[in-house]
Amino acid sequence: MITQGLEGVIVAQTALSRVDGARGVLIYRGYDIRDLARAVSFEEVAHLFWYGALPTRAQLDALKKQLAQQRTLPDAALNVLRALPPTTAPIDALRTLVSALDAGRPLTPPDLPQAIALTAQTPVLLAAFDRARRGLAPLTPRPDLDHAANYLYLLSGEIPTTAQVRALDTYLVLLADHGLNASTFAARVVASTGSDLYSCAAAALGALKGPLHGGAPSRVLDMIEAIGAEENAETWMRGALARKERLMGFGHRMYKTTDPRAEILRGLARDVCAPAFFALAQRVEETGLRLLHEQRPAERLYTNVEFYSAAVLHAAGLPKDLFTATFAVSRMSGWTAHVLEQVNHNRIIRPDAEYVGPAAQSVIPLDQRA
Ligand code: COA
């Protein structure tokens, strides 16, 4: 008896986050995501994951200092960066550069200082790649800027506005962890073999790239742009469904009601997006929900986190093709915390498969095979 897609199969214990898909609730270490999104920064969430508690002011300052000190890239990563063609997809560049961070080091078990360094370096790598593909030299990270603000600064060379920083920081808080999603599972599988943190992160990045996981938000923006005007939404979306295409930004394995992160991001998008763009996005959302509920009532398809992620990241000033990789700027904190959790309670993850191939066969010598 197999369970397609491992739906509902419990394969690990975690104290990091819990998704209650029936009620539309997401918890990080006991805190409701709605409360966290209102009150804490990305760095506070990272502290919560890595140290088990929200930080005091002194602990937060110490973590911010550590993150800022780790933003320098090693030569191996800079050399690989220069070798990447400018046409490389940013998520592929990030996966390659994360591997390069570890070049020449002996195999060491994942530890907290590495988790902090890797999380600090992820946006630096991404911004350096984005500038390199535009023919620009990387900028020097600013120790006075927090994670979100420094990332935006390293991309543009300009100090971002308060609204841009708030949009990105809230996004980073919301996306930091989500139970045993595909990329986190991939990271934990690699960790369970005794491998290093960089290999875990590279595996997670490979999983995140897929359009069914982290690759959706740029496609949401493509969809909204292709629809172009509110009155086109119904015809466009009916056409896509008739062609058996999936509407990006809807549906989720866990949530059978609205994803709480989508609700928070909708509110944020209302504040930070151009009013005409927000009105169009909202019409697209309403139309998509109506058509999906009309055509697939049994599936209970609702807006997922990716729908308004696209609008918020767009308003924060990020180019569309950086959206998936920017998801990793946030999720690196969750991935690394899961890897450390796996290492602390490890047994190799090695499930079984039902064999459905041919019955016993005899080997025919090579020159006698038809
Ligand atoms: N648009 C249209 N149909 C959808 C849909 C969507 N966004 N999401 C699911 N469905 C349909 C599927 O086609 C499937 O019908 P079928 O069995 O006739 O093919 C049915 O609903 C169940 O889908 P399934 O892929 O089995 O659900 P899942 O729980 O395994 O997958 C997702 C969840 C997220 C992969 C899926 O909803 C999806 O592809 N969404 C669009 C991509 C997206 O937004 N990804 C970001 C996720 S945060």
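So, here's what we can say about the structure.

Glancing now at the side chain of aspartate 259. Within the secondary structure, aspartate 259 is located in the loop between helix 12 (233-242) and helix 13 (260-272). Once you skip the residues sitting within four places of it in the chain, aspartate 259 turns out to touch His252, Thr303, Asn304 and Val305.

The next thing to look at is the layout of surface pockets. Here the largest pocket defines a volume of roughly 1900 Å³. Lining the largest pocket are 50 residues, with Leu212, Gly251, His252, Arg253 and Met254 sitting closest to its centre. When contributions to the lining of the largest pocket are tallied by element, the ones reaching two or more residues are strand 1 (17-20), helix 9 (182-192), helix 14 (275-295), helix 15 (305-315) and helix 16 (323-344). In this structure, the second largest pocket occupies an estimated 250 Å³ of space. What lines the second largest pocket is simply Met1, Ile2, Thr3, Leu6, Val9, Val11, Phe185, Ile349, Arg350, Pro351, Asp352 and Ala353.

Taken together, 19 residues lie near the ligand, and Arg246, Leu247, Gly249, Phe250 and Asn304 sit nearest. Between the ligand and arginine 246 there is a distance of 2.8 Å, counted from an oxygen atom to a side-chain nitrogen or oxygen. Within the backbone of leucine 247, one N or O atom sits 2.7 Å away from a nitrogen atom of the ligand. Its free accessible area being 850 Å², the ligand has 74% of it covered by the protein chains. Applying the majority rule of atoms within 2 Å of the grid points places the ligand in the largest pocket. Within the shell around the ligand, the residues separate by chemical class into 9 nonpolar, 5 polar and 5 charged.

Rules behind the numbers
Residues numbered from 1 in each chain as written. Predicted model: local features only at pLDDT ≥ 70, side-chain atom pairs only at ≥ 80, totals over all residues. Heavy atoms only, no water. Helix = DSSP H or I, 4+ residues; strand = E, 2+ residues; numbered from the N terminus. Contact = heavy atoms within 4.5 Å. 1 Å grid on protein atoms, 1.4 Å probe; cavity = no way out; pocket = protein on both sides within 12 Å on 5 of 7 lines; lining within 4 Å. Points joined across faces, edges and corners; volume = space filled by probe spheres on them. Near = heavy atom within 4 Å. Polar contact = N/O pair within 3.5 Å; in protein donor to acceptor, adjacent residues only side chain to side chain. Areas by Shrake-Rupley, 256 points an atom, 1.4 Å probe, with all protein chains shown as cover. Sits in = over half its atoms within 2 Å of the grid points. Nonpolar A, V, L, I, M, F, W, Y, C, P; charged D, E, K, R; others polar.

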